[in-house]
Amino acid sequence: MGKKITLIGAGIVGVATASYLRRDGHDVTIVTMHPPGEYCSFGNAGMLNPSGCVPQSMPGVLAKVPGYLTDPLGPLTVRPSYWLKALPWLARFILNASDRQVEHAADALRALIKPTRECYEELARHAACGDLIRRSPFLVAYESERSYRADVRAWKIRRERGVVTEEVDAAGVRKLVPQLAPIYVRGVIVPDQGYVANPERLTKALAAQFQKDGGALLTRKVLDIEAGEGGAVALATDAGRVPVDTLVICGGVHSGELTAKLGEPVPIEAERGYHVTYSDPRLELPMPVHVSDAKVFVTPMEMGVRIAGQAEFAGIYAEPDYRRAEVLERHMKRMFPGVHAADKTQWMGRRPSMPDSLPVIGPSAKHRNVYYAFGHGHLGLCGGAPTGRLVADLLAGRKPAIDLAPYRVNRF
Ligand SMILES: Cc1cc2nc3c(=O)[nH]c(=O)nc-3n(C[C@H](O)[C@H](O)[C@H](O)COP(=O)(O)OP(=O)(O)OC[C@H]3O[C@@H](n4cnc5c(N)ncnc54)[C@H](O)[C@@H]3O)c2cc1C
């Protein structure tokens, strides 16, 4: 007999989780304040890389921060008015750069995202949008030996977890992506990876299929969660009370506001990123390209070519600062001097980031009928569908394919 499940959130994590739960025969209702795929899952870089298991906080991160902050083209900014608020999270982030924690996080990330393409291929085929899931190599390009050496540890972490890579020289880089500027002295290619050609369309198509399969979707803002001895009882929303039997929270960066209402605060921060999408770039981009120094991804998409990156700390609610997108445009010009930039759009999204680079997945430690799936940071697309499958296993009483201990809510 299926459960009656209310799930907050229609980003890629919520929609993929709802799809798996519905497939198991549960009666599932999504409650979301944004239409499906119109919040952070709208505009990511689309990377679907089972290799992406390197945590954000790496040994030596503290030494790099001043350089990042003072470089006008750098990947990191903290709004002056937000420094004090960001400090506790940033301090925890830096404390997570120990060797032991990095190895632990890399194991947990790899275990989570290794099956990402298979999970999406299955969901997308069912939703008639299988064309969006592309298997592809991706190239990481280096402008100097120094920047390559700074990444040696990251490559070791990946290789130790079974990721296959190939080193290429400057000529090899040019051969793989001929329109790249001739400024890259070497590269690393990761052969068996993938990307989503339109993350917004993917999320919307999965949500539409979920509804065709009998799932319900309510566009409402959750203002409060009523809880009693037996767990969560109801949601107070901007359009009335919604009683709940079983609650799953996939609220992206707002999840911390929701878990706090249940007495389980979590250290989640908005790591704001930007993109610029060129609709007529006049580029042939045979695979996604990452430039490690600039921390940008350039991905071929069905609507053109997208450059994405930047980590801006300014809180959830501050207005976008599109000078960060202009920084991306300057990187794009440097990487691809021939890009045709007449038709482009800019966007900002809020990565739901935890200081140890690991999401929260699993049951509440306080309420018997509440489950969590949020906090995927830089890897919410990669982690979304695998997370959904794990949550469905938990709710069906099946043993999840991986140990969920590293993602537990009370680890902080
Ligand atoms: C520039 C950039 C590039 C990125 N590139 C990649 C990449 O290449 N690969 C990758 O794997 N990841 C990438 N990411 C990260 C990824 O996009 C996110 O981790 C992911 O989109 C998070 O999905 P989500 O479903 O958790 O949250 P969201 O998409 O933010 O969805 C949250 C949902 O919760 C709902 N919600 C929240 N609070 C409430 C409430 N109170 N009431 C009702 N509804 C509520 C919202 O309305 C929304 O529907 C990137 C992110 C950025 C910004």
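Above this text is the structure in question.
Residues numbered from 1 in each chain as written. Predicted model: local features only at pLDDT ≥ 70, side-chain atom pairs only at ≥ 80, totals over all residues. Heavy atoms only, no water.

Draft legend 1. Local environment of the site of the ligand. Around the ligand lies a shell of 37 residues, among which H34, S41, V222, G377 and C382 are the nearest. In this structure, an oxygen atom belonging to the ligand sits 3.1 Å away from a main-chain N or O atom of V13. C382 is positioned such that a nitrogen or oxygen atom in its backbone is 2.7 Å from an oxygen atom of the ligand. Against a free-state accessible area of 1000 Å², the protein chains account for coverage of 98% of the ligand. Going through the elements one at a time, α1 (12–23), β2 (27–32), β12 (269–278), β16 (344–353) and α12 (380–396) are the ones with two or more residues in the shell around the ligand. (Near = heavy atom within 4 Å. Polar contact = N/O pair within 3.5 Å; in protein donor to acceptor, adjacent residues only side chain to side chain. Areas by Shrake-Rupley, 256 points an atom, 1.4 Å probe, with all protein chains shown as cover. Helix = DSSP H or I, 4+ residues; strand = E, 2+ residues; numbered from the N terminus.)

Draft legend 2. The nonpolar core, seen in detail. Core analysis: the largest hydrophobic core is formed by 57 residues, its most contacted members being L21, I30, Y120, L202 and V248. Counting residues in each nonpolar core, the second largest holds 28 residues, with V177, M287, V291 and M332 among its members. (Core = buried A, V, L, I, M, F, W, Y, C linked by side-chain atoms within 4.5 Å. Buried < 20%, exposed > 50% of the residue type's maximum accessible area, 1.4 Å probe, protein only.)

Draft legend 3. Here's a closer look at the sheet that holds strand β10 (residues 240–243). Reading across from one edge, β8-β9-β10 is the order of the three strands in this open sheet, with antiparallel pairing throughout. Both outer strands of the open sheet, β8 (222–228) and β10, are each paired with one neighbouring strand and no more. Adjacent strand axes in the sheet meet at a mean angle of 25°, parallel and antiparallel pairs treated alike. Here four bridges tie strand β9 (residues 231–237) to β10, and the two strands are oriented antiparallel to one another. Paired with T237 across the two strands is G240, which belongs to β10. (Pairing = 2+ DSSP bridges. Axes fitted to C-alpha atoms, helices over the stretch in contact; angles between N-to-C directions.)

Draft legend 4. Expanded view of the environment of R350. With respect to the helices, strands and loops of the structure, R350 is situated in strand β16. Setting aside its immediate chain neighbours within four residues, R350 contacts Y39, C40, V253, A270, E271, R272, I316 and A318. A distance of 2.7 Å separates a polar atom in the side chain of R350 from the backbone oxygen of I316. (Contact = heavy atoms within 4.5 Å.)

Draft legend 5. Spotlight on a nonpolar patch on the surface. A cluster of nonpolar side chains, L69, W83, L84 and L87, forms an exposed patch at the surface whose accessible area comes to about 390 Å². With three residues, helix α3 (residues 83–95) is the largest single contributor of residues to the nonpolar patch. With respect to the helices and strands, the residue L69 is situated in helix α2 (residues 61–70). (Patch = residues over 30% accessible without salt bridge, like charges linked within 9 Å, V, L, I, M, F, W, Y side chains within 5 Å. Salt bridge = Lys/Arg side-chain N within 4 Å of Asp/Glu carboxyl O.)

Draft legend 6. Seen up close, the sheet that holds β2. As summarised here, the arrangement of the six strands in space is β7-β2-β1-β11-β18-β17, forming an open sheet in which the pairing is mixed. With partners counted over all chains shown, the strands left at the sheet margins are β7 (216–219) and β17 (360–363), one partner each. Geometrically, the sheet is characterised by an average inter-axis angle of 20° between neighbouring strands, direction not taken into account. Of the strand pairs in this sheet, strand β1 (residues 4–8) and β2 are connected by five bridges, and their pairing is parallel. Its bridge partner lying in β2, I8 is registered against V31.

Draft legend 7. Region of the structure containing the state of the cysteines. In this structure the tally under the stated criterion is zero disulfides. With no disulfide of its own, C382 lies 11 Å from the sulfur of C53, the closest cysteine sulfur. (Disulfide = S-S within 2.5 Å.)

Draft legend 8. Expanded view of the packing of aromatic side chains. Evaluation of the coordinates by the stated rule reveals seven aromatic pairs. Seen in terms of ring centroids, F42 and W347 are 6.1 Å apart; in terms of plane orientation they differ by 35°. Their pairing is tilted. A residue pair is termed long-range when its members are at least 10 positions apart, and F42 in the loop between β2 and α2 and W347 in strand β16 qualify at 305 residues. Look at F42 and you get partly exposed, because its relative accessible area is 26%. Centre to centre, the rings of Y372 and F374 are 5.7 Å apart; their planes meet at 70°, and the pair counts as edge-to-face. Residue classification places Y372 among the buried residues on the basis of a relative accessible area of 0%. By relative accessible area, F374 is classed as buried at 2%. What links up through ring pairs into an aromatic cluster is the set W89, F93 and F313. (Phe/Tyr/Trp six-rings, centres within 6.5 Å; stacked < 30°, edge-to-face > 60°.)

Draft legend 9. Inspection of the packing of α1 against helix α9 (residues 199–212) at higher detail. In contact at an axis separation of 9 Å, α1 and α9 are set at 30° when each is read in the N-to-C sense. Classified by the angle between their axes, α1 and α9 sit roughly parallel to one another. The hand of the α1/α9 crossing is left-handed. Of the residues in α9, those touching α1 at I12, V15, A18, S19 and R22 are L202, T203, L206, A207 and F210. Looking at the contact of α1 with α9 residue by residue, the class counts come to seven nonpolar, two polar and one charged. (Parallel < 35°, antiparallel > 145°, perpendicular 65-115°, else oblique. Left-handed = near helix turned anticlockwise from the far one by under 90°. Nonpolar A, V, L, I, M, F, W, Y, C, P; charged D, E, K, R; others polar.)

Draft legend 10. Inspection of α12 at higher detail. Taking 1.5 Å of rise per residue, 17 residues should cover 24 Å, and α12 covers 23 Å from first to last C-alpha, within 8% of that figure. Along α12, 14 of the 17 residues are buried, which leaves the element largely enclosed by surrounding structure. G397, located one to two residues past α12, shows a positive phi value of around 80°. (Expected span 1.5 Å × (residues − 1).)

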